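Fold and contact review
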Amino acid sequence: MAGPTLLKESGPREVFCGLTSIVWLHRRMPDAFFLVVGSRTCAHLIQSAAGVMIFAEPRFGTAILSERDLAGLADAHDELDRVCKELLQRRPEIRTLFLVGSCPSEVIKLDLARAAERLNEELSGRVRVVNYSGSGIETTFTQGEDGALAALVPLLPASDERQLLLVGTLADAVEDRQMHLFKRMGIETIHSLPPRQSTDLPGVGAGTTVLLTQPFLTETARLLSNRGATVLTAPFPLGAEGSRRWMEAAADDFHLPNERVAAVLDPLMKRAESALARHRAVLEGKRIFLLPESQLELPLARFLQRECGMELVEVGTPYLNREQMAAELALLPDDVPVMEGQHVEQQLDRVRASQPDLVVCGMGLANPLEAEGIATKWSIELVFSPIHGIDQAGDLAELFSRPLHRRQLIRPGLHPSNPDTPVHA
Ligand code: SF4
């Protein structure tokens, strides 16, 4: 059968847990606080992932389960109530408190949903308390955002207004730009989830068309469609082609005239084409292997193959929602292996055997692979950089051309013609 070859693999994994998504979610909603209920391991993870941000009065923290909690000597619910109340007293500006479940809180079956309900009753009107899980047992990396947004869906007011709802966190500047373009195309009312203020929740109902900005929002999309919204299936807005098709999907749904849409998008496509040319010159014909991490891998692979001329060796993804990814799968070349899940040892064997020009992987594997002579691109950067939209296509390509370019620059140092000459003269 034509189309990519869909495969599955399980075994040891090298991925983040869903807690990591707090790092970008808390920046998006400055009036929200994310309280992880977990262990010291969870606190260490967030601190390492957030880096220097931990010094800037962050809006996240960890309620660390102590041995007394784990041994059942203390009533964990009383403790949690006490910690939450202290926190809210110290930080009166918090409007939404997310109680984030972790592996330890799940294993001891701490009922955070009930805790959120109880705190909501007590704090009614002042702070809203919601709960979701970011544990490594249940979630991989960006799936944490899916959990957080899904937890907000029941709080959205009902509305029959005809509107476009952009779902998924985008960099503010990128989102402003997309909204501006949609308005120029003729869509009047546009909202986003998550909103920039956690209390500013958009309405949802039969008049709502949902356009997902990110591919990892399976549960959120399901809940929004249960509330009457129409969820579009389209390629994701990575690269010029994907972004155009993504915007056109919304334009079709709003019955906008083709000429008006083309008048807005054609000049952007021209600019993107020339921005891409420089990077295409570096990337064309190079072989790339993507390891699973964020679920952005399929749209990225599609962009790199179709717009930058790269050859795909293997496309890994931690989770594949075939329905939501149908448009992406249709654009991938025939017979490309798309691997859902991971057995990291076997995957690394395939990397070594195929000797690709570039590997997209997490930080745990990047330096070791570089030391073996294989060029890498850290995948986490793709989650934090503004890469969505037609205007960003050149910048997105640069993220991949840069490591190859750097390799070229340092090649004389790595392979000196006279081995006696020190590399750092
Ligand atoms: S939630 Fe689980 S995987 Fe994530 S840091 Fe805590 S213990 Fe580790």
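Scroll up for the structure.
Residues numbered from 1 in each chain as written. Predicted model: local features only at pLDDT ≥ 70, side-chain atom pairs only at ≥ 80, totals over all residues. Heavy atoms only, no water.

With that out of the way, let us pick up the overall build of the chain. For the chain, the helix and strand inventory stands at 17 helices and 14 strands. Taken against the 2.2 N^0.38 rule, which gives 22 Å for 425 residues, the C-alpha radius of gyration of the chain at 23 Å falls within 12% of a compact globule. The buried share of the chain, taken over its 425 residues, is 55%. The contacts in the chain between residues at least 6 apart in sequence include a share of 75% that link residues at least 24 apart. Looking at the chain as shown, the accessible area adds up to about 18,800 Å², and 51% of this sits on carbon and sulfur atoms. Of the side chains in the chain, 43 bear a positive and 56 a negative charge, and the two mean positions are spaced by 3 Å. (Helix = DSSP H or I, 4+ residues; strand = E, 2+ residues; numbered from the N terminus. Rg over C-alpha atoms; globule rule 2.2 N^0.38 Å. Buried < 20%, exposed > 50% of the residue type's maximum accessible area, 1.4 Å probe, protein only. Contact = heavy atoms within 4.5 Å. Areas by Shrake-Rupley, 256 points an atom, 1.4 Å probe, with all protein chains shown as cover. Lys, Arg positive; Asp, Glu negative; His and termini not counted. Charge placed at Lys NZ, Arg CZ, Asp CG, Glu CD.)

Here the focus is the pattern of salt bridges. A side chain of one charge can pair with a side chain of the opposite charge when the charged atoms of the two come close. This model, assessed by the stated rule, comprises 30 salt bridges. Arg114 is the salt-bridge partner of Asp111, the closest N and O atoms lying 3.7 Å from each other. Note that Glu241 and Arg306 form a salt bridge whose closest N and O atoms lie 2.7 Å from each other. One end of the pair, Glu241, is in helix H10 (residues 239-253); the other, Arg306, is in helix H12 (residues 297-306), and 65 residues separate them in sequence. Classification of Glu241 by relative accessible area gives buried; the value is 16%. (Salt bridge = Lys/Arg side-chain N within 4 Å of Asp/Glu carboxyl O.)

Attention shifts here to the site of the ligand. By nearness alone, every residue bordering the ligand is listed as Cys17, Leu19, Cys42, Leu45, Ser102, Cys103, Pro104, Ser135 and Gly136. Contributions of two or more residues to the shell around the ligand are made by helix H2 (40-50) and helix H5 (103-107). Its residues assigned to classes, the shell around the ligand shows 6 nonpolar, 3 polar and no charged. (Near = heavy atom within 4 Å. Nonpolar A, V, L, I, M, F, W, Y, C, P; charged D, E, K, R; others polar.)

With that settled, consider empty space enclosed by the protein. This structure, assessed with the given rule, holds 1 cavity of 30 Å³ or more. Taken as a whole, the largest cavity spans an internal volume of roughly 30 Å³. Considering the residues around the largest cavity, the lining is formed by Glu14, Leu291, Pro292, Glu293, Gln342, Cys361, Gly362, Leu365 and Ser379. For the lining of the largest cavity, the per-class residue count stands at 4 nonpolar, 3 polar and 2 charged. (1 Å grid on protein atoms, 1.4 Å probe; cavity = no way out; pocket = protein on both sides within 12 Å on 5 of 7 lines; lining within 4 Å. Points joined across faces, edges and corners; volume = space filled by probe spheres on them.)

This next bit is on the sheet that holds strand E11 (residues 311-317). Taken together, the 6 strands give an open sheet; going across it, the order is E1-E12-E11-E10-E13-E14, and neighbouring strands pair in parallel fashion. Looking at the sheet topology across the chains shown, the edges are occupied by strand E1 (5-9) and strand E14 (376-378). Within this sheet the neighbouring strands show an average axis-to-axis angle of 20°, counted without direction. The pairing of E11 with strand E12 (residues 337-341) spans 3 bridges and is classified as parallel. Within E12, the position partnered with Gly316 by the bridge is Met339. (Pairing = 2+ DSSP bridges. Axes fitted to C-alpha atoms, helices over the stretch in contact; angles between N-to-C directions.)

Enumeration according to the criterion identifies 6 aromatic pairs in this entry. With a centroid separation of 5.7 Å and 90° between ring planes, the pair formed by Trp24 and Phe141 is classed as edge-to-face. Of this pair, Trp24 sits in helix H1 (residues 22-28) while Phe141 sits in the loop between strand E5 (128-133) and helix H7 (143-152); the two residues are 117 residues apart in sequence, bridging distant segments of the chain. Note on Phe141: relative accessible area 0%, which makes it buried. The interplanar angle of 80° and the centroid separation of 6.0 Å between the aromatic rings of Phe98 and Tyr132 together place this pair among those described as edge-to-face. (Phe/Tyr/Trp six-rings, centres within 6.5 Å; stacked < 30°, edge-to-face > 60°.)

Among the nonpolar cores identified, the biggest contains 97 residues, and Phe34, Phe98, Phe182, Leu224 and Phe400 are the most heavily contacted of them. For Phe34, the contacting residues outside a window of four places in its chain are Ile22, Leu25, His26, Met29, Arg59, Phe60, Gly61, Phe98, Val100 and Tyr132. Phe33, Leu80, Cys84 and Leu112 belong to the second largest nonpolar core, which has 21 residues in total. (Core = buried A, V, L, I, M, F, W, Y, C linked by side-chain atoms within 4.5 Å.)

It is worth spelling out the packing of H12 against helix H17 (residues 393-414) at this point. Relative orientation of the contacting elements H12 and H17 amounts to 95°, with a least axis distance of 11 Å. By the angle between their directions, the pair H12 and H17 is classed as roughly perpendicular. Side by side, H12 and H17 meet where Leu300, Phe303 and Leu304 of the first sit next to Ala393, Leu396, Ala397 and Phe400 of the second. Partitioning the contact of H12 with H17 into residue classes produces 7 nonpolar, no polar and no charged. (Parallel < 35°, antiparallel > 145°, perpendicular 65-115°, else oblique.)

Spatial relationships are all this shows, so hold off on functional conclusions.
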